Each structure stands twice: as C-alpha cells, then as structure tokens.
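Coordinate inspection notes
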Amino acid sequence: MKTIPLMCSAGMSTSIMVKNMTEAAANTGAEVVIKAIPEQALNDHLAETDIILLGPQVRFLQGKVQAAAKNIPVSVIDTMDYGMMNGEKILRQALDIIGES
C-alpha cells in the first residue's frame, strides 16, 4: 500500500482531486491511500509517505517540503492536469515516480 498526500493552500480543490485519484486507483486496482494535508501537518505524515504531491498554487513550497521530506520524492502537479481534475493522469504520474506503475 502506497501513501500519497496532496498538499495545497485551502484544501477545497485538493479534496476533489483526492476523490478523483481514489476513483482512478479503484478502477486500476492500484493499492494507494491518497489524502489532502495542510503544510503544517507535513511532519505528522512523513513516516507513512511514499511521495508528496503539491498543488500548483503552492509550488513555491517545493524546496521547503523537499528539505523536510529528505528522501521522499516531492512533485508539483501539472497545472493543466490539476485544472482539469485529471485524477487518473496525476495518479499515474505519482506511481511512475515511485516505481509502482
């Protein structure tokens, strides 16, 4: 089971993305837990995290998050994919990065 937290600023659009990615995972049989987290809670989730995805609106946090995450990959979600709420594509990209595709 892989864990993928999504980090954004307000959480509303990220909640929708979590839903879309979870549906895509169910359709493909991917064994993942996807959750939205605020920046302040990052350290509470690192132990069980396989990759951290940042919403495009918080891309400026990538360096800070990567420093905290150490060896955990951190990736910014493509703006177009995020805007289109393409959960399937974003899930596939995350799994490719962590070698689970």
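Residues numbered from 1 in each chain as written. Predicted model: local features only at pLDDT ≥ 70, side-chain atom pairs only at ≥ 80, totals over all residues. Heavy atoms only, no water.

1. Details of the sheet that holds strand S3 (residues 52-54)
Strand order in the open sheet formed by four strands is S2-S1-S3-S4, with parallel pairing between adjacent strands. For this open sheet the edge positions go to strand S2 (32-37) and strand S4 (74-76), each flanked by a neighbour on one side alone. With strand direction ignored, the average angle separating the axes of adjacent strands in the sheet is 25°. In this structure, strand S1 (residues 2-7) lies alongside S3, joined through two bridges in parallel fashion. By the bridge assignment, Leu6 is partnered in S3 with Leu53. Across the face of the sheet, helix H3 (residues 62-69) comes into contact with S1, S3 and S4 while running at roughly 160° to S4. (Pairing = 2+ DSSP bridges. Helix = DSSP H or I, 4+ residues; strand = E, 2+ residues; numbered from the N terminus. Axes fitted to C-alpha atoms, helices over the stretch in contact; angles between N-to-C directions. Contact = heavy atoms within 4.5 Å.)

2. A closer look at the pattern of salt bridges
Applying the stated rule across the entire model yields six salt bridges. The residue Lys64 makes a salt bridge to Glu39 at a minimum N-O spacing of 2.7 Å. Highlighted residues: Lys64 in helix H3 and Glu39 in the loop between S2 and helix H2 (42-45), separated in sequence by 25 residues. Its salt-bridge partner being Lys89, residue Asp81 comes within 3.6 Å of it at the nearest N-O pair. Take Asp81: its relative accessible area is 6%, and that puts it in the buried class. The exposure class of Lys89 is partly exposed, given its relative accessible area of 31%. (Salt bridge = Lys/Arg side-chain N within 4 Å of Asp/Glu carboxyl O. Buried < 20%, exposed > 50% of the residue type's maximum accessible area, 1.4 Å probe, protein only.)

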